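Structural features, examined
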Amino acid sequence: MALVACFVLVTGLWPLIRLFALALGPGETGEPLGLLRETLSGRAFGRALGNTLASSGGSVVISAALGTALALATGLLRLPGQALLGFLALSPLLIPSQIMALAWIELMGSGSAVLGALGLAPAPGSRNPLYSGAGVAWLMGIEHMPLVFIAVRARLAGLPLDLIEAARIGGAGPARILRRIVLPLTLPSVAAGSVLAFAAAVGNFGVPALLGIPGRFPVLTTLIYQRLNGFGPGVIGSVAAMALVLVALAAAALILRQLVLRWTAVPVPAGRSFTGFERGRWHWPLTAAVWAVLVALSVLPIVALATTALVPALGVPFGLGTATLRNFEAVLANPAIRRAFANSFMLAGAAGLVSAVVALPIAWLSLTARNPLARVLSWLAEPAHVVPGTVLALAMILAYLRPLPLLGVSIYSTGAILLIAYLGRFLPLALRPVEAALSASDPALDEAARIHGVPPLRRMLGIAVPAALPAMAAGALVIFMTAINELTLSALLWSAGNETIGVQIFSLQYEGNSTAAAALSVLALAAVAMLVMAADRLGRRLPPGALPWRVAQDQPGRTTSPR
Amino acid sequence: MTKMHFAALGLIALGAPALAAPSGTITVYTSQPQDQMAMVVEAFNKDYPDVEVEIFRTGTTELMSKLQAEFTAGSTPADVLLIADAVAMTQLKQDDRLLAHPEAPIEGIPESVIDPDRTFFGTKLITTGIVYNTGMVQAPPQGWDDLRAPDVAGSLIMPSPLYSGAATIHVGTMVQQPEFGWGYYEALADAGAVAGQGNGTVIEAVARGEKSYGIIIEYMAMNAKKDGSPVDFVWPDQGVSSITQPVAILKDSDNVEAARAFVDWQLSRAAQEQSVTQGYFPIIAGVAPPEGYPDPATLNILPLDAAALMADDQANKEQFAELFGG
């Protein structure tokens, strides 16, 4: 118990507490809350806050519109290629935001091979339209669209057949059923998903870093990053105050989500679920439209990225005559990039494995042994996951920059600080599925063992582990896939010898070496694709909802709340 | 290990310089592009196979912040610094962070690029000039004043001193010249010129055709041209600013011997010849510049008062940010 409490404390809670204490501390003149007041009245802060709200707000409109439309289309119409469509709609969840941003930069630039082939490329001499606030909003909108999509699909899966049948008997056509029954029932899910998308957008770093920094559109996460990198640790107090505002925005959104869910909870009759409308004359045009949208959003940017990875230098048009694998060779020959692959695999693997192992005793103590402290602990693991990544990274620097007491050495600029941050960030991704698995398992076995005097440790290993093992494996896998391309924490915490893949892509782009950045992105995506396939194999033996992209295909009635 | 020892013994027996070969790991903090540094380490390891070199690469301004953070944390893993400009080095020297290396092999290297106290040594000559997109520009600009034309300035991008060490020196040099001064930058800003971040963002925009003209360090433009990008570079007849990419050893290096070996190698003829293949002007006499580059002796290098620039550094950055945004 003490051990797992220490774990939660060290990997997130204590650094965050220190950060907030600093942010709420007195300013230079010593007045209470002075630091917060000074920072919040700064001009740069005001602009970044305005930009954050505007781009996040804009992105939510896009996420909600796209997510709802795609969920309704794929959920209510029996379209050909249903499973693949669902996967494409969820693919933005699997593609790290910095790679997504790079891919769209390649797609929308005046030299775009894809748009060029269609005759749609912007005129030479015009700036890439994505380097702007609208570009940031558009891309974050697409990236967080799956959050709305999942929420709506989950609700549609539980749509009662009886209601629809009754309407049909009453003579209502599909349009009327959609307007009068389906939409009112799904609107709360749209709202809940949108609020989640807002919280995600407020904390997003990858998209505004690659589009907003060149576009001179600072948001809070990039302002914190730039301040810290441009001025050093002396400014940690004022960036801590900015971090507090970020946390407040995210927290407000999550509280709002809870309220929306509570206010709009509608008792839906149990029974068979509606599985979709019959084919009508609108069937083929709609099918074509859904496919076109998803291919444009999920496939074309990746194609554009791949063409850039294959040209010998920027500005050279892509073609069979110019295509070369030189960028891939250069990337793979670079020892720093090879080390980044090794580091990311090791960090992500360790984060997944350790989190899964730690999740078990926390879940077991709080659920099976009904330890109230453990229940609090399970709840306390959440903040490090919910706060924007930039905030957690900042807290880590604050807590671990100076040499540790007793040991006398600092873990700053070692791999340890990255691992600790990853562990704090991703623990809930393993903890929640393990808790779900344990609470779904039969308590009688443990009761029986307890009555017979079997000690707790043996009960946990002998009874809980077999029940929770698939969930532990799934949690570890999801963490591995999320952490392998992590950028937000790494960008502030990396050091010589401790590069990660995400940081390398980001740095190559900033060196003006976009062709190498594109090649590395393609390699990173290939790694993710292999992991998805491996996980999908395993996923058939997992409880429904354990893998985020299977949610849409899982049985109706199951709802999970991914993040 | 034992094999290496035997090899070393063999070398000594053959009459090679009787020095104990440096070994262990050193960490180099640099602002030179990653792919170039990978080649530098490879070549260095031919001469010093027992030294493992780790590279940490980012812009000079960011590197300095990282160093500050690490000094606060107690120590830095860095042993050697190889960064864009002498101004940043001088700051570190004044903070007593650099280790003097009086025995450095400085033969043939101009005294002007070496710190008199032998704490840092220029390794290259890097000039800043004008890049343009050959697909979009018919009449290439010849000098800085050609950039003032409204249709030129309206499609011009430059690196920002808030990110790049070379840009810090370039802006500092330009505003010290009576014929340019801040008035020059005001004219550019008024006509619609913009600032990116580092030099990387400039070559990116010009090669992609988002901008027609850019102010940039020469090797980035010339290397992109060599790789096939539709760009070309002009050394303006009104003069160029220059930086020297100095190398230095940090005082709290835990492998001074290997760090010295790296610095010595950077100043060697082999390193200079490699620099030339990477698109840099050589700094020692008798090494020919890269193909397509002018003879460095014919370059008109604008004079720079480094002490004044140090004093004005912060004010310059603020003034620049005022004109072109953060």
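Our structure's up above, just so we're on the same page.
The paragraphs below set out a description of the structure included in this document. Numbering of residues begins from 1 in every chain and follows the order in which that chain's sequence is written. Each chain gets a letter, beginning with A, and each ligand a number, beginning with 1, in the order they are written. In view of the model being predicted, local features appear only for residues whose pLDDT reaches at least 70, and side-chain atom pairs are presented and counted only at 80 or more, with totals across whole chains, interfaces and linings using the full set of residues. Hydrogens and water molecules were not included; the side-chain quantities draw on all heavy atoms of the structure.

Take empty space enclosed by the protein next. Only protein atoms enter the 1 Å grid used here, on which a cavity is any set of points holding a 1.4 Å probe that cannot leave and a pocket is any open set flanked by protein within 12 Å on both sides along at least five of seven lines; residues with an atom within 4 Å of a point are listed as lining. Grid points are joined across faces, edges and corners, and a volume is the space filled by probe spheres set on the points. Following the criterion strictly, the structure yields seven cavities of 30 Å³ or more and no others. Looking at the largest cavity, it is lined by 15 residues, and the ones nearest its centre are A:L228, A:N229, A:Y412, A:L492 and B:K66. Counting from the N terminus, the helices are DSSP H or I runs at least four residues long and the strands are E runs at least two residues long. Counting residues per element, the ones that place at least two in the lining of the largest cavity are helix 11 (220–231) and helix 22 (488–493) of chain A together with helix 3 (60–73) of chain B. A total of four residues in the lining of the largest cavity trace back to one element, the largest contributor, which is helix 3 of chain B. Of the residues that constitute the lining of the largest cavity, the class distribution is nine nonpolar, four polar and two charged. If you add up the space inside the second largest cavity, you get close to 70 Å³. Under the scheme applied here, ten amino acids are nonpolar (Ala, Val, Leu, Ile, Met, Phe, Trp, Tyr, Cys and Pro), four are charged (Asp, Glu, Lys and Arg), and all others, including Gly, are polar.

Residues and elements named next belong to chain A. A pair is scored as a salt bridge if a Lys or Arg side-chain nitrogen falls within 4 Å of a carboxyl oxygen belonging to Asp or Glu. Within the structure shown, the criterion is met by 19 salt bridges over all chains. With a closest N to O distance of 3.0 Å, R432 and E435 form a salt bridge. With R432 and E435 both in helix 19 (residues 415–440), this residue pair falls three residues apart, about one helical turn. On the basis of relative accessibility, which here comes to 14%, the residue E435 falls in the buried class. Three exposure classes are used, based on accessible area relative to the maximum for each residue type with a 1.4 Å probe and protein chains only: buried under 20%, partly exposed in between, and exposed over 50%.

All names here are of chain B. Taken across its five residues, strand 9 (residues 213–217) has five buried, putting it largely inside the fold. The side-chain alternation of strand 9 yields two buried faces, one formed by Y213, I215 and I217 and the other by G214 and I216. Any two strands with at least two DSSP bridges between them are considered paired. Of the strand pairs in this sheet, strand 6 (residues 126–133) and strand 9 are connected by five bridges, and their pairing is antiparallel. By the bridge assignment for strand 9, T128 is matched with I217. In this structure, strand 7 (residues 156–158) lies alongside strand 9, joined through two bridges in parallel fashion.

Attention shifts here to the pairing of strand 10 (residues 231–234) of chain B. All names here are of chain B. Alternating residues of strand 10 divide into V231 and F233 and D232 and V234, and every residue in both groups is buried. Judged from the four bridges that link them, strand 6 and strand 10 form a sheet pairing that is antiparallel. Bridge assignment links Y132 to a residue of strand 10, and that residue is D232.

The next point concerns the packing of aromatic side chains. Residue and element names in this part refer to chain B. Centres within 6.5 Å are what make two rings of Phe, Tyr or Trp a pair, Trp counting through its six-membered ring; a difference in plane orientation under 30 degrees is then read as stacked, over 60 as edge-to-face, and the rest as tilted. Taken as a whole, this structure holds 24 aromatic pairs over all chains when the rule is applied. Relative to F324, the ring of Y185 has its centre 6.4 Å away and its plane inclined at 90°; by these criteria the two rings are edge-to-face. Taken as a pair, Y185 in helix 7 (residues 181–190) and F324 in helix 12 (residues 306–324) lie far apart in primary sequence, 139 residues in all. A relative accessible area of 0% places Y185 in the buried class.

No statement about biological role is implied by the geometric values presented.
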